[in-house]
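Chains, contacts and geometry: an overview
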Amino acid sequence: MALSWFLLSFLFRSLYAHNDFFTSIGQMTDLLYTEKDLVKSLKEYIRQEENRLEQVKEWADKLDSLTNTATEDPEGFLGHPVNAFKLMKRLNSEWADLESLVLKDTTNGFISNLTVQRQFFPTDEDQTGAAKALLRLQDTYRLSANTISNGDLPGVVHKSRMTVADCYELGKIAYTDADYYHTELWMAQALTQLEEGEESTIDKITILDYLSYAIYKQGQLERALELTKRMLKLDPDHHRANGNLKYFEFQLEKQSTAEAEKKEVEDKKREKKVLDKRDTERKRSKDPLPERQKYEMLCRGEGVKLTPRRQSRLFCRYYDNNHNPLLLLAPVKQEDEWDRPRIVRYHDIISDSEIETVKEMAKPRLKRATVHDPITGKLTTAQYRVSKSAWLSGYEHSTIERINQRIEDVTGLEMDTAEELQVANYGVGGQYEPHFDFGRKDEPDAFKELGTGNRIATWLFYMSDVSAGGATVFPDVGAAVWPKKGTAVFWYNLFASGEGDYSTRHAACPVLVGNKWVSNKWIHERGQEFRRPCAVSEME
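Attention here is on the structure that accompanies the text. (Residues numbered from 1 in each chain as written. Predicted model: local features only at pLDDT ≥ 70, side-chain atom pairs only at ≥ 80, totals over all residues. Heavy atoms only, no water.)

As a further point, take the pattern of salt bridges. Applying the stated criterion across every chain yields a total of 35 salt bridges. In this structure, the salt-bridge partner of arginine 310 is aspartate 339, at a minimum N-O distance of 2.7 Å. With arginine 310 in helix H16 (residues 308-311) and aspartate 339 in the loop between strand S2 (332-338) and strand S3 (343-347), this residue pair connects regions lying 29 residues apart in the sequence. Put simply, lysine 363 and glutamate 360 hold a salt bridge, and the shortest N to O gap is 3.8 Å. Residue class for lysine 363 comes out partly exposed when judged on its relative accessible area of 25%. In this structure glutamate 360 comes out as partly exposed when scored by relative accessible area, which is 47%. Each of Lys43, Lys57, Asp61 and Asp64 takes part in salt bridges that share partners, so that together they form one network. (Salt bridge = Lys/Arg side-chain N within 4 Å of Asp/Glu carboxyl O. Helix = DSSP H or I, 4+ residues; strand = E, 2+ residues; numbered from the N terminus. Buried < 20%, exposed > 50% of the residue type's maximum accessible area, 1.4 Å probe, protein only.)

Further remarks concern the environment of glutamate 94. Along the chain, glutamate 94 falls in helix H5 (residues 81-102). Excluding residues that lie within four positions of it along the chain, glutamate 94 makes contacts with Trp59 and Lys89. In terms of polar contacts, glutamate 94 uses its side chain to reach the side chain of lysine 89, at 2.6 Å. (Contact = heavy atoms within 4.5 Å. Polar contact = N/O pair within 3.5 Å; in protein donor to acceptor, adjacent residues only side chain to side chain.)

Once that is clear, we can look at the state of the cysteines. On inspection of all chains with the given rule, the structure shows 1 disulfide. For cysteine 299, the disulfide goes to cysteine 509, at an S-S distance of 2.0 Å. Its S-S torsion of about -90° marks the bond between cysteine 299 and cysteine 509 as left-handed, since a negative value means left-handed. Placement of cysteine 299 in helix H15 (residues 291-299) and of cysteine 509 in the loop between strand S15 (506-508) and strand S16 (511-513) is noted, with a sequence separation of 210 residues between them. A relative accessible area of 2% places cysteine 299 in the buried class. Classification of cysteine 509 as buried rests on a relative accessible area of 0%. (Disulfide = S-S within 2.5 Å.)

Bringing the nonpolar core into the picture now. Of all hydrophobic cores here, the largest spans 81 residues; its most connected members are Met28, Leu42, Trp95, Phe110, Met162 and Ile207. For leucine 42, the contacting residues outside a window of four places in its chain are Val56, Trp59, Ala60, Trp95, Leu98 and Phe110. The next biggest cluster of nonpolar side chains, apart from the first, holds 34 residues, and it includes Tyr346, Met361, Trp517 and Ile523. (Core = buried A, V, L, I, M, F, W, Y, C linked by side-chain atoms within 4.5 Å.)

A few words on the sheet that holds S2. What the 9 strands build is an open sheet, ordered S1-S2-S3-S14-S10-S17-S8-S7-S4; its pairing is antiparallel. One side of each edge strand has no neighbouring strand; the edge strands of this open sheet are strand S1 (316-319) and strand S4 (367-368). Pairing between S1 and S2: 4 bridges, direction antiparallel. Counterpart to tyrosine 319 in the pairing with S2 is valine 332. Sheet strands in contact with helix H17 (residues 352-362) are strand S7 (387-392), strand S8 (421-426) and strand S17 (517-524), and its direction is about 105° off that of S7. (Pairing = 2+ DSSP bridges. Axes fitted to C-alpha atoms, helices over the stretch in contact; angles between N-to-C directions.)

Across the 8 residues that make up strand S10 (residues 455-462), a large majority, 8, are buried. By the bridge criterion, 7 bridges tie S10 to S17 in an arrangement that is antiparallel. Pairing of tryptophan 459 across the sheet is with lysine 521, part of S17. The pairing of S10 with strand S14 (residues 487-492) spans 6 bridges and is antiparallel. Bridge pairing links tyrosine 462 to threonine 487 in S14.

What follows deals with the environment of aspartate 64. For aspartate 64, the position within the fold is in helix H3 (residues 54-72). The spacing of aspartate 64 and lysine 43 is 21 residues in sequence and 9.0 Å in space, taken between C-alpha atoms.

All right, on to the sheet that holds S15 then. Spatially, S9-S15-S12-S13 is the arrangement adopted by the 4 strands of the open sheet, whose pairing is antiparallel. Every other strand in the sheet has two partners, leaving strand S9 (432-435) and strand S13 (479-481) as the edge strands with one partner each. Strand after strand, the sheet turns through a mean of 15° between neighbouring axes, direction not considered. With 3 bridges joining them, strand S12 (residues 472-474) and S13 adopt antiparallel strand pairing. Its bridge partner being in S13, threonine 472 is matched across the sheet by valine 481.

Below, the discussion takes up the side chain of lysine 359. As for its placement among the helices and strands, lysine 359 is situated in helix H17. Classification of lysine 359 by relative accessible area gives buried; the value is 8%.

What follows deals with the packing of aromatic side chains. Under the defined criterion, the tally for this structure stands at 20 aromatic pairs. Between tyrosine 175 and tyrosine 180, the ring centres sit 6.0 Å apart and the planes meet at 75°, which makes this aromatic pair edge-to-face. An angle of 80° between the planes, with centres 5.9 Å apart, marks the rings of tyrosine 216 and tyrosine 247 as edge-to-face. In this pair, tyrosine 216 is assigned in helix H11 (residues 204-217) and tyrosine 247 in helix H13 (residues 239-270), connecting sequence segments 31 residues apart. Looking at tyrosine 247, the relative accessible area reads 37%, which means it is partly exposed. (Phe/Tyr/Trp six-rings, centres within 6.5 Å; stacked < 30°, edge-to-face > 60°.)

Turning next to unusual backbone geometry. Excluding glycine, most residues fall at negative phi; most peptide bonds, likewise, are trans. Here arginine 340 and proline 341 are connected by a cis peptide whose omega angle stands at 0°. Mapped onto the elements of the fold, proline 341 is located in the loop between S2 and S3. Phi is positive for alanine 178, close to 60°, though the residue is something other than glycine. By the secondary structure assignment, alanine 178 is in the loop between helix H9 (164-176) and helix H10 (180-195). Given the relative accessible area of 46%, alanine 178 is considered partly exposed. Of note, the phi angle at asparagine 321 is positive, near 50°, even though the residue is not glycine. You can see asparagine 321 is positioned in the loop between S1 and S2. Residue asparagine 321 is classed as buried on the basis of its relative accessible area, which comes to 13%.

What follows is the structure, given as structure tokens:
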């Protein structure tokens with residue numbers, strides 16, 4: 001009977017198996033219930049063999065409390081990136097260690113249950129993806145390793161602290177990617193927590209080994225040498241440390257000689273060089289910031305380029321789209337968010353019940369979001385877009401049909417040639433780096449298979465509030481639009497002439513804390529000939 005139940009469970013669950021858990025908080029909530037179920041099964045097993053498995057019992061007690069708290073508010077709990085990372089780490093690595101511990105006795109339900117459930121656990125890719133998301137959040141929002149480790153993030157409800165082992169794991173993942181900057185930050189944090197008295201199975205020597213090498217790879221020989229000497233005080237016979245000590249001392253001596261020779265050459269040339277400092281500073285002040293830097297600044301709420309004069313020209317109004325009969329008695333609330341390009345926000349444009357319907361329809365279909373490859377013209381996944389998405393058609397449900405009609409009424413644009421409603425849920429540190437929605441001239445076949453022309457406009461619903469991060473930013477013009485549940489933003493991607501408006505290049509900032517749900521409608525050129533007539537001037 002038990003075997004039949006597990007087989008049925010396996011077949012049922014396989015229908016709903018997902019990949020890339022870390023790319024969608026919405027789907028990650030299922031993992032919390034899976035983990036909770038495993039804890040219950042584990043505790044039953046412990047009651048049968050409590051004397052022999054005291055170590056396993058302690059493990060279960062720890063997770064029992066955690067999963068009870070987590071499942072009270074799954075999305076809120078996983079909105080904290082540290083909780084999401086630790087969930088990936090537990091299910092991918094630590095449960096496997098536990099399975100090995102109890103595998104000697106396969107006559108109980110726990111092993112059978114765990115074996116079945118593991119078919120649907122996160123993978124190494126999920127754990128690595130969640131770790132890299134933490135590093136991305138650290139860089140974008142300029143957070144210290146200590147801040148993240150302590151869980152001191154804005155808007156946090158379920159605070160979670162990282163252990164020495166968690167910090168070490170994050171540093172090791174960075175090390176594997178040859179990212180020695182983050183390796184240093186997280187190995188240093190692990191070492192600090194260890195020295196503050198936190199108990200851990202990770203020892204100082206192991207951490208110092210990684211830390212000294214990461215610092216050496218960044219060209220800081222003196223610090224690397226100092227850390228190597230610390231290692232040798234703890235373990236004088238450490239083979240690699242002894243080898244590194246000699247190598248670092250040799251390199252430092254070589255470096256000192258080279259620096260002395262370089263200084264002598266520079267002293268001779270200094271008299272021949274005449275630099276206009278003021279001219280240099282003037283040139284530097286005109287240098288544009290790299291797009292990445294502008295993007296990250298806007299994500300932090302910095303660098304918004306809206307002067308008081310331009311701000312004074314932005315208004316709120318009740319809008320009926322030139323006396324549209326469906327909006328005369330119930331005009332929508334329209335707010336100007338930006339002037340060039342013109343970005344408007346519509347308030348209370350989608351109800352909570354409609355949002356829940358859209359989310360429930362989308363959840364079973366969520367798949368890793370894709371982008372158009374400009375070389376092949378095909379859809380592919382990309383590291384710069386971390387989310388899962390699903391597509392919903394109007395004929396599937398009256399709510400979707402009603403939403404499509406509302407967009408048409410408000411914009412005055414034809415929806416028959418628009419793409420289906422795309423629903424997206426962002427995962428740990430979920431983002432979509434700067435991109436255009438429309439096809440450029442170097443991408444003539446971007447939407448050829450649709451046969452509806454280019455994407456003339458974008459309509460974006462915000463279906464959740466986000467505690468921190470998650471803004472939609474336009475780096476070229478310094479605009480930032482923040483998520484607000486029940487609102488939508490709209491802008492034209494093309495001028496009336498059909499030429500692309502390159503100022504609409506935009507990005508979805510990483511979600512720092514919270515769970516971001518959006519849905520969007522990409523509206524195409526075909527069918528708009530009389531609704532938005534072509535202009536004579538190229539830039540109109």
